[in-house]
Each structure stands twice: as structure tokens, then as C-alpha cells.
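Survey of secondary and tertiary structure
The chain contents come next:
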Amino acid sequence: MVILFLLCIAGSTYLITRIQNNRNTINPATSPSIANILKDNQTVPQIILDTDFAGDVDDVGALAILQAYADNGQVDILGVMISSGNHYAPRAVDAINTYYGRPDIPIGITWSPSVSIQSRYTLDIALDFPNDIDVIPNAIDLYREILASKPDKSVIIVSVGFLTNLQGLLSSKPDENSTLNGIDLVSAKVAYLVTMGGYYPNSKDHPDKKEYNFALDPAATNYVVTNWPTPIFFSGYEIGEDIITGTSLDETAPDNPVRVAYKLYTGGRGRSSWDLTAVHFAVGNNKNVWQLIGPGINQTLPNGANYWKEIADGQHYYLRNVFSKS
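Report follows, based on the coordinates. (Residues numbered from 1 in each chain as written. Predicted model: local features only at pLDDT ≥ 70, side-chain atom pairs only at ≥ 80, totals over all residues. Heavy atoms only, no water.)

1. Brief notes about the overall build of the protein chain
- Check the secondary structure of the protein chain and you find 12 helices and 13 strands.
- Taken across its 326 residues, the protein chain has 56% of its residues classed as buried.
- For the protein chain, long-range pairs separated by at least 24 residues make up 79% of all intrachain contacts whose partners lie at least 6 apart in sequence.
- Element-wise, carbon and sulfur atoms account for 49% of the exposed surface of the protein chain, whose accessible area totals about 13200 Å². (Helix = DSSP H or I, 4+ residues; strand = E, 2+ residues; numbered from the N terminus. Buried < 20%, exposed > 50% of the residue type's maximum accessible area, 1.4 Å probe, protein only. Contact = heavy atoms within 4.5 Å. Areas by Shrake-Rupley, 256 points an atom, 1.4 Å probe, with all protein chains shown as cover.)

Right, here's the structure in full:
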């Protein structure tokens with residue numbers, strides 16, 4: 001069965017095609033242990049988005065749907081962190097935030113990028129759309145400032161890029177924002193991490209035997225997946241590969257930077273939606289869309305490959321689509 005549905009993005013409409021596999025899974029709506037982890041749907045999630053925002057255009061889609069959820073009062077965007085070394089990415093992010101009426105969302109960048117990525121769209125978006133970003137703080141410092149100011153267990157971090165910034169956060173020392181070190185600060189303030197990365201249950205089945213986000217900074221991947229102190233929910237390559245977005249953006253206004261970015265990247269064709277799935281899950285209302293496999297441990301290898309190991313007291317889960325192709 002092929003499931004079609006429309007996802008509206010602040011006046012833009014993405015036609016999404018789901019082709020899903022039916023496996024034995026845990027439904028978050030019926031699992032008490034998972035229900036205790038996931039945010040109450042009546043509480044507006046407070047989200048920090050961590051993105052590589054350059055190499056692929058699904059980062060633009062992820063930020064766009066996050067903004068659309070904010071328009072609907074479904075999420076509070078605390079900040080956007082950039083894990084790539086692309087020079088124009090911060091201004092491009094600010095341009096999209098400005099387009100959606102939130103020009104003051106804090107933006108941080110990695111000051112020690114492991115990967116510097118060329119982009120088909122960041123230069124055009126940065127130069128052709130309004131933005132006013134000036135001084136860009138180190139993402140680690142901004143993470144610590146934001147987390148220290150929030151109630152315990154109130155922040156959801158969504159990573160749709162490399163785990164470079166999160167490795168730096170975990171390794172950070174006490175500062176003027178908090179007397180806690182990085183791991184203790186994350187443990188106190190973060191409810192859970194949602195990350196688009198890996199292939200499940202085993203990346204040996206990935207076309208490249210390892211997934212892009214995990215493989216380009218594998219040292220950060222191994223460190224974060226091994227040491228992260230809160231639950232982690234993984235949205236794998238296999239989830240977003242067959243969810244195609246962007247085909248309806250030509251119907252939107254020419255001054256829409258999301259439309260322009262997709263056009264520059266795809267030439268008007270649809271694109272797989274890896275990063276969008278992680279944002280959708282993190283915002284909530286998922287009982288009819290996603291199921292979870294777990295608990296367990298996501299084992300990562302030195303080259304960024306991964307495989308799943310079931311462990312009863314593990315803090316890791318991975319997403320599986322509810323619907324099936326049959």
C-alpha cells in the first residue's frame with residue numbers, strides 16, 4: 001500500500017509519498033516506558049535544531065517544517081546550530097528564519113568544522129534574501145547558554161547533520177553559564193535527542209555501507225552515540241529515502257527561499273526527506289505515523305557504520321514507519 005498525504009509548510013505544500021515496511025514494532029502511544037520519555041502532547045516542545053545546512057536541501061525542508069510548526073504554536077524554536085563549515089550557511093539559515101518572521105532566533109556555528117561542504121544553494125539564499133546576522137557565536141557556547149537558562153528536562157535537541165557540535169557540547173567545561181560540565185548539563189536540561197543518522201537495523205544494508213551524517217565525522221558520531229546521557233531516537237536513512245518532498249513548491253511565491261533552495265538543488269524534482277522525518281517525530285503527534293524499535297543500543301564503528309543491538313535497559317530507539325507497502 002502506498003500512502004499519500006499533504007504536509008503544509010506555511011503556504012507551501014509538499015506532496016509526500018510514503019512507501020513503508022511493516023515490521024514488529026513498539027507503538028509509542030501504547031508503551032508506558034516510551035510514553036514517559038516522550039514529551040506530553042499538551043506541552044509545546046522547546047527544540048534546538050542542529051543542521052549541516054549545505055550539502056543537501058532536506059536541511060532546508062527540515063527548518064521550514066519546524067518554522068511551520070512554530071507558526072501553528074506547536075513548537076518553540078530555541079536556536080539553530082550549524083555543524084558544517086560552509087561559509088554562507090549561517091546567513092542562509094537567518095534568511096529563512098527571517099522569511100518566517102523569526103529573525104532573532106539564535107544561530108551558532110562550529111568553530112572547528114570536521115567537514116567543510118560546498119553547497120548549491122547557501123550562497124544564493126544568503127545574498128538574495130533579507131538577513132542581518134553579524135556576529136555568529138560558537139555553537140558550544142550558545143548551547144550552554146540556552147540549556148542553562150531552561151528548566152530541567154525541558155529541551156529537545158534535533159540533529160539532522162554531523163554530530164560535531166554535540167561532541168563539543170558533551171566535552172565542554174563549566175563556564176559563566178553553568179557550573180556543570182557538558183555531560184551533566186545535557187543530562188539535567190535535555191529531555192532527549194532525536195537524530196537523523198545511521199541505517200537500521202544494520203548499515204551493511206545501506207548502499208554505501210554507512211550513512212552520510214554518521215560517516216563524515218565518525219569520531220563525533222562514536223563519541224556522542226556512546227556518551228549521550230539521555231534517550232536517543234534515531235531516524236535512519238531508510239525512513240526518509242522513499243518520502244519525496246518539494247514537488248509542489250513551484251506553486252508558491254517566487255520570494256520563498258525554500259522554493260529557491262529546492263529549485264537550485266533539484267531543478268524542480270522531488271527529493272528524499274531524511275531530515276524532515278526527524279523534525280516531524282520530535283514535534284510530536286506521532287502515534288499514527290511512527291513506531292519505535294527498542295530499547296537497545298546503536299553500536300557505531302570507527303568509520304561511521306552502525307548496527308543495532310537489543311538491550312532491555314538501553315536508552316536508544318529507532319523509528320519505523322507505521323504503514324506498509326503491500
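2. Examining the packing of aromatic side chains
- In the structure shown here, the tally under the stated rule is 12 aromatic pairs.
- Judged by centre distance (5.3 Å) and plane angle (20°), the rings of Phe233 and Tyr317 are stacked. Within this pair, whereas Phe233 is found in strand E8 (residues 232–235), its partner Tyr317 is found in strand E13 (residues 316–321), the two being separated by 84 residues in sequence.
- Members of the aromatic cluster, connected to one another through ring pairs, are Tyr200, Phe214, Phe234, Trp308 and Tyr318.
- Sitting above the plane of the Tyr265 ring, Arg120 keeps its charged end 4.2 Å from the centroid. (Phe/Tyr/Trp six-rings, centres within 6.5 Å; stacked < 30°, edge-to-face > 60°. Lys NZ or Arg CZ within 6 Å of the ring centre and 35° of its normal.)

3. Describing helix H11 (residues 257–266)
- Taken together, the buried positions of H11 are Pro257, Val258, Ala261, Tyr262, Tyr265 and Thr266. Projected onto a plane normal to the axis of H11, the buried residues spread over an arc of 140° and lie on a single side.
- One or two residues past the end of H11 sits Gly267, with phi positive at roughly 70°. (Arc of directions from axis to C-beta.)

4. What to know about the sheet that holds strand E5 (residues 107–109)
- With mixed pairing, 9 strands are arranged side by side in an open sheet as E5-E4-E3-E6-E7-E8-E13-E11-E12. The open sheet has two edge strands with one neighbour each: E5 and strand E12 (306–310). Across the sheet, the mean angle from the axis of one strand to that of its neighbour is 30°, orientation sign disregarded.
- In the sheet, strand E11 (residues 290–300) pairs with E12 via 5 bridges, with the strands oriented antiparallel. (Pairing = 2+ DSSP bridges. Axes fitted to C-alpha atoms, helices over the stretch in contact; angles between N-to-C directions.)

5. Here's the deal with helix H2 (residues 58–71)
- Relative to the 20 Å expected for 14 residues at 1.5 Å per residue, H2 spans 20 Å between its end C-alpha atoms, a close match to the ideal helical length.
- Within H2, 13 of the 14 residues are buried, which leaves the element mostly enclosed by the surrounding structure.
- Phi for Gly73, located one or two positions after H2, is positive at around 75°. (Expected span 1.5 Å × (residues − 1).)

6. Section: empty space enclosed by the protein
- Counting across every chain of the model gives 2 cavities of 30 Å³ or more.
- Volume-wise, the second largest cavity comes out at about 50 Å³.
- Along its surface, the second largest cavity is lined by Gly246, Thr247, Leu249, Asp250, Arg259, Tyr262, Lys263, Thr266, Gly268 and Arg269.
- Of the residues assigned to the lining of the second largest cavity, the class counts are 2 nonpolar, 4 polar and 4 charged. (1 Å grid on protein atoms, 1.4 Å probe; cavity = no way out; pocket = protein on both sides within 12 Å on 5 of 7 lines; lining within 4 Å. Points joined across faces, edges and corners; volume = space filled by probe spheres on them. Nonpolar A, V, L, I, M, F, W, Y, C, P; charged D, E, K, R; others polar.)

7. Re the pairing of E11
- Across the 11 residues that make up E11, a large majority, 8, are buried.
- As consecutive antiparallel partners, E11 and E12 are separated by 5 residues, and within that stretch Gly304 has a phi angle of approximately 95°, a positive value.

8. Here's the deal with the pattern of salt bridges
- Here the structure, examined in full by the defined rule, presents 5 salt bridges.
- Between Asp56 and Arg271 there is a salt bridge, with the nearest N and O atoms lying 2.7 Å from each other. With Asp56 in the loop between strand E3 (46–51) and H2 and Arg271 in strand E10 (residues 271–272), this pair connects stretches of sequence that are 215 residues apart. (Salt bridge = Lys/Arg side-chain N within 4 Å of Asp/Glu carboxyl O.)

9. Regarding the environment of Asn181
- The residue Asn181 is located in the loop between helix H6 (164–171) and helix H7 (182–189) in this model.
- Using a relative accessible area of 33% as the deciding quantity, one classes Asn181 as partly exposed.
- Considering only alpha carbons, one finds Asn181 and Ser171, 10 residues apart in sequence, at a separation of 7.5 Å.
- If near-sequence neighbours (up to four positions away) are discounted, Asn181 is found in contact with Arg144, Ser172, Lys173 and Pro174.
- Reaching out from Asn181, the side chain makes a polar contact with the backbone nitrogen of Ile183 at a distance of 3.3 Å.
- In terms of polar contacts, Asn181 uses its side chain to reach the backbone amide nitrogen of Asp184, at 2.9 Å. (Polar contact = N/O pair within 3.5 Å; in protein donor to acceptor, adjacent residues only side chain to side chain.)

10. Some thoughts on the pairing of E8
- By the alternation rule, side chains of E8 split into Ile232 and Phe234 and Phe233 and Ser235, which are all buried.
- Of the pairings in the sheet, the one linking strand E7 (residues 190–196) to E8 comprises 4 bridges and is parallel in character. In the sheet register, Leu193 faces E8, and the bridge partner there is Ile232.

11. Quick notes on the nonpolar core
- Formed by 57 residues in total, the largest nonpolar core has its most connected members in Phe53, Val60, Val158, Val194 and Val279.
- Among the elements that make up this core, the one with the highest residue count is H2 (8 residues).
- Those residues in contact with Phe53 that lie beyond four places of it in its chain are Asp59, Val60, Leu63, Ser84, Ala89, Ala92, Val93, Ile96, Tyr121 and Thr122.
- In terms of nonpolar packing, the next biggest core, distinct from the first, is built from 29 residues, Leu147, Leu163, Phe234 and Trp308 among them. (Core = buried A, V, L, I, M, F, W, Y, C linked by side-chain atoms within 4.5 Å.)

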